[in-house]
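# Structural characterization, general
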Amino acid sequence: MSLTILLVLANHVQVMKITTPANAQIVHSGAACNVKDDNISERIYTIKEGDTLVLQCIVKGHPRPQIRWTKTAGSASDKFQETSIYNETLRIEGIQRVQGGRYYCKADNGVGVAAIKSIRVDVQYLDTPVLTVHQTISDVRGSYYQEKTVFLRCTVNSNPPARFIWKRGSMLIEQSKDNGVDIYEPLYTQGETKVLKLKNLRPKDFADYTCQVSVRNVCNIEDKSVTFRLTNATTPPMIRLSMNDTVVVDPGQDVLLTCEVTAGFPLPTVLWSRYPGPLPLSAQVRGPTLILRAVTPSDAGFYNCTAVNNVGNPARKNVNVVVRTMGNLTFQITPDSNKDSETIQMGRDLKLSCHVDATPQDKVNYTWYKNSAPVFNSDSLILLRSDPDMAPGTSSLEIVDMKFRDLATYSCVANFPGSRVPELRVDVNISQNSVSPPVLSVPPGGQVVNVQEGGNADLVCLVVDGKPRPPILWSRTEKDLLMASGQTMVETPDGRLRLKNVSRDMMGLYRCQTAPYNGLNIKRREAQVQLNVLYPPILDPVFQDMRSRNYQMVTLRCTVLRSNPPRLTDIRWFRNGDSIRMPMPDLKETPELKFKLEPTNNGSYECRVSNSAGTSTCTFNVSAQPYNAEFYFDTPNPVRILKGNNYSYILQWTQKDPEATDRIIGYWINLSQLNQRNTFTSKHSDPEKGVLLSHTISDLRIPLSYEVRLAPITTYSTGDYISRIIQYSERKNHVCGFEDERICGFTQDRSDVFDWTRQNHLTQNPKRSVNTGPETDRSGTKEGYYMYIEASRPRVQGDKARLLSPLFNVTSVRGPKGSGRVPYCVSFYYHMKGKHIGALNVLLRVRSIASVDTVQWTRSGHQGPDWKKAFFDISPSGPFQIVFEGIRGPKYEGDIAIDDVSITIGKCKQGNTVASAGKTGKIDSSLSGET
């Protein structure tokens, strides 16, 4: 069936001002162990590590708020800190301990101040404990005898703090019953630690020792333990290496590192690791031996051998594996620096320098040749194996008081003696014509390079004269800017810097300069090149939706924010793709189009602005079509009426900015089910901004669901449709013992001060107030759950917590004696023990356009140490909820609890029994309404 309704505007419609600021509340629906309030007025969500965290941010307000999740107080590496999640539900599968912390839900709808709620997620875990043994031997009474003391240290990481139990064999160790032991917690330890001290070791002390840790089954985390056998042979590990501390090898060689265990009982376990980074993928560990096959330079690093048997401290040895490498070989020609010379001159000194980038740098051997003959130290030729005036690892040959006989070809050869790494060689020709200072030049027209954004560019800086010609180094003139490669400087052998896919942030001034190597080591020559990136105009707005009344003037304005080149070449306006004829606009003014909006000229308008680099567009959707309506999402569930097997639904919505367009005269409502269509009309009034409109849709069939679509209508046009689904649901019986963590669909009220907490005996705070609150649930079992309010700080007198039942739809079945209202029986158990008990109220909340609460049952003050039962009848006039309202008394001994809540159709009967929701225990009741 599809039903279309035309709502015509009139003055008798029921309206209500409904624009309200956002309100938020965080509830959980994941694998929570417990949710409670702590002493700093925030909720704590306790969850087991590895379970699924599900937090829902329930919001209220109209228009519907946007929701954003953020997190603080977690690990700095936690990616969620850097990312905002825009969703009502936050879900984290397999939560880890580092993801604990404070989560914030922010709801904002632009009305008033945004609502922010927080909840602290406490991730519970228990690692396997680690047990280590330490021993000391001390002289007593002047070395007449020695006393051996053994310390068994048990360490574990857990949340909450773990409880430790020590056993010798299967017997529990109690310090009060054994003078030979001492159990204590040491200071300044990482994690939680307990030490078992065995004083003056006795024969019976040689036994199996077990350290058992427990978090008291919180979140169903089982206890864990570790066992160690102490004997008179127990000793810490000792190791030695079969090689030197530093191993230097050629690439491609195999390396065997052996770590021999020389002492230790129990037999130590040998572990190999590497710093930095993990072991290479090709590494093989065979017992105490580590094998590195065909090493490469990336395999270099410190390899660590660690022997562990949990006695004393682990034994450690390090091996530094160095893989020989030899990279770029460069030379420098330095004229007589004492004379500020830049050329070779007879009678003056000259230095030739040679440097190779190698590993290890200090193992490189340099050999100098003159015309292929080895050079030896003499009065005129001085060899410096490591020149202190140059970079470390640089060899120099100084020519003193240069003569014609010194004009020759000099060669520098770098190698690793005894290595298979190939040697490197560089030749330098020294003659009066072979060495001259470089001249750096930018080609004509190359001082400014223009390039289209996204294109490629070549910046050119040439050495037009000079021998030998050095490479050219490029950098940005602004010191904080990097090159496109991310480096501060880029070397080019020919002086051409090639830039690809140029972006506007690469625009600016570039510096080119001669390198101080592979040429004369003199003052650097430098020049500059300007890179100018051309891009089309950047416009605002890129897109704008404009609504207006027909026959009113509309102004479209397209602002040029920036452009390169800044000079515009053309401005054109289009409507629906067709050019608009108009006088040539002033290219120096902001593009603007003014016209009177009519039904015939609604449409898409474009302003196309061009410069020599390209064209950009501002797009305007200009229309007299009204804005969409927005459904009021807090509308109650469908209301079932008495006529036949039908129900009705109150559809509610608001109209966005109704004054922006022509007067809205009505609304189309299309109701669809089984693709059948019908049409009828209904009258309404002019919508106003922030005013709630409503329409009752009748004769809906139970239990069918419907899609309803709604669109505003003006004299000239119809707005876009919005849609929602109407689903009928009815609860006849509801029994809840709060055993399920979803608490049977009960929810916390968003408008109260604090929340009810789900708890059982096993999850009670051990530091809680002992003179208030129940020990167990109503059935007396430690595992059974109940709901309670915590009266401790920060609660103050009069603070209220409200727990809402699921929404019940009224039924068409008639009540007794022809009554049109159906009776329901509400029964529950309550616990009100404590000298500071406030009050417990049970209210009936009937849902309509506005909700109405009426008190149906109340108790205040101390009611004794036992659970008591109460029940009463209600006959609601519409959809309803039961509200349990706990009010805090004057001080902290005022916890109130409820359990086994039942809401069923029909009046309460004598002997009324509340199903115990999976619990045991007989329930007695009477017509008095309380037992």
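Counting of residues starts from 1 at the beginning of each chain's written sequence and follows it residue by residue. Given that the model is predicted, a residue must reach a pLDDT of at least 70 before its local features are reported, and side-chain atom pairs must reach 80 or more before they are shown or counted; all residues, however, enter totals for whole chains, interfaces and linings. Heavy atoms from the whole structure form the basis of all side-chain values; hydrogens and water molecules are not counted.

Operational definition: UniProt positions are given in the numbering used here, feature names are shortened, and annotations may be inferred rather than shown by experiment.
In the nomenclature of an unreviewed UniProt entry, the protein chain corresponds to MAM domain containing glycosylphosphatidylinositol anchor 1 from the organism Labrus bergylta. Of the comments in the UniProt record for the protein chain, the one headed Subcellular location (unreviewed entry) reads "Cell membrane".

### Considerations on the nonpolar core
Definition in use: We define the nonpolar core as a collection of buried residues of types Ala, Val, Leu, Ile, Met, Phe, Trp, Tyr and Cys that are connected through side-chain atoms lying within 4.5 Å of one another. Relative accessibility under 20% of the residue-type maximum defines a buried residue, over 50% an exposed one, and the middle range a partly exposed one, all with a 1.4 Å probe and only protein chains included. Under the DSSP-based scheme used, a helix requires at least four consecutive residues in state H or I and a strand at least two consecutive residues in state E, with every element numbered from the N terminus. By definition, residues are in contact when any of their heavy atoms lie within 4.5 Å.
If you look at the biggest cluster of nonpolar residues, it comprises 33 residues, and the most contacted ones within it are F828 and F884. When residues of this core are traced back to their parent elements, those giving at least two are strand 65 (786–789), strand 66 (800–804), strand 67 (824–832), strand 68 (839–846), strand 70 (868–874), strand 71 (880–887) and strand 72 (896–905). A total of 5 residues in this core trace back to one element, the largest contributor, which is strand 67. Residues contacting F884, with those up to four places away along its chain left out, are F746, W756, A801, R802, L803, F828, N841, V842, I898 and V901. Counting 30 residues, the second largest nonpolar core, distinct from the first, contains I344, A408, A414 and V428.

### Focus on the pattern of salt bridges
As a reminder of what qualifies: Note on definitions: salt bridges are taken to be side-chain nitrogens of Lys or Arg within 4 Å of carboxyl oxygens of Asp or Glu.
All chains considered together, the criterion is met by 34 salt bridges. Close ionic contact of E49 with R97 constitutes a salt bridge, the shortest N to O distance being 3.0 Å. Of this pair, E49 sits in the loop between strand 5 (43–48) and strand 6 (53–62) while R97 sits in the loop between strand 8 (89–92) and strand 9 (101–108), and the two are 48 residues apart along the sequence. For the salt bridge of D900 with R778, the shortest nitrogen-to-oxygen distance reads 2.5 Å. A residue pair is termed long-range when its members are at least 10 positions apart, and D900 in strand 72 and R778 in the loop between strand 64 (757–759) and strand 65 qualify at 122 residues. According to the relative accessible area criterion, R778 is buried, its value standing at 11%. A network of salt bridges, in which partner residues are shared, links D749, R802, R845, D853 and E885.

### As for the sheet that holds strand 50 (residues 578–579)
Under the convention used in this document: Here, strands pair whenever DSSP counts at least two bridges between them.
The strand order 46-53-52-49-50 describes an open sheet built from 5 strands, whose pairing is mixed. The open sheet has two free edges, formed respectively by strand 46 (543–547) and strand 50, since each of these has just one partner strand. In this structure, strand 46 lies alongside strand 53 (residues 614–623), joined through 5 bridges in parallel fashion. Across the sheet, the residue bridging to Q544 is F620, located in strand 53.

### Some points on the state of the cysteines
Our working definition: We call a pair of cysteine sulfur atoms a disulfide when they lie within 2.5 Å.
Under the counting rule described, the total for this entry stands at 8 disulfides. For C558, the disulfide goes to C618, at an S-S distance of 2.1 Å. Its torsion about the S-S bond being 75°, the disulfide of C558 and C618 is classed as right-handed. One end of the pair, C558, is in the loop between strand 47 (553–557) and strand 48 (559–564); the other, C618, is in strand 53, and 60 residues separate them in sequence. Across this residue pair, the class does not change: C558 and C618 are buried. Across a sulfur-sulfur distance of 2.0 Å, C825 and C908 are joined as a disulfide pair. Since a negative S-S torsion denotes a left-handed disulfide, the C825-C908 link at about 100° is right-handed. Remark: C908 occurs in the segment after strand 72 and C825 occurs in strand 67; sequence separation between them is 83 residues.

### A closer look at the sheet that holds strand 21 (residues 246–249)
Selection criterion: All axes here are fitted lines through C-alpha atoms, helices being fitted over the stretch that makes contact, and every angle between N-to-C directions spans 0 to 180 degrees.
In spatial order, the strands read 21-27-26-23; together these 4 strands make up an open sheet with mixed pairing. Edge positions in the open sheet fall to strand 21 and strand 23 (269–275), since each of these has one partner strand only. Each neighbouring strand pair of the sheet contributes to a mean axis angle of 20°, computed without reference to strand direction. Bridging between strand 21 and strand 27 (residues 315–323) involves 4 bridges; their strand directions are parallel. Across the sheet, the residue bridging to V248 is V322, located in strand 27.

### Topic: the confidence of the model for the protein chain
Selection rule: The pLDDT score gives, residue by residue, the confidence of the prediction method on a 0 to 100 scale.
Here the protein chain averages 85 in pLDDT, and 85% of its residues register 70 or above. For residues 139–145, every residue scores under 50 in pLDDT, and the model assigns this stretch 5 contacts once sequence neighbours within four places are set aside. Predicted confidence for residues 678–682 stays below pLDDT 50, and this span has 18 contacts to residues more than four positions away or in other chains.

### Quick look at the environment of G666
Inspection of the secondary structure puts G666 in strand 57 (residues 664–672). Taking the C-alpha atoms as reference points, G666 and I713, separated by 47 residues in sequence, lie 5.2 Å from one another.

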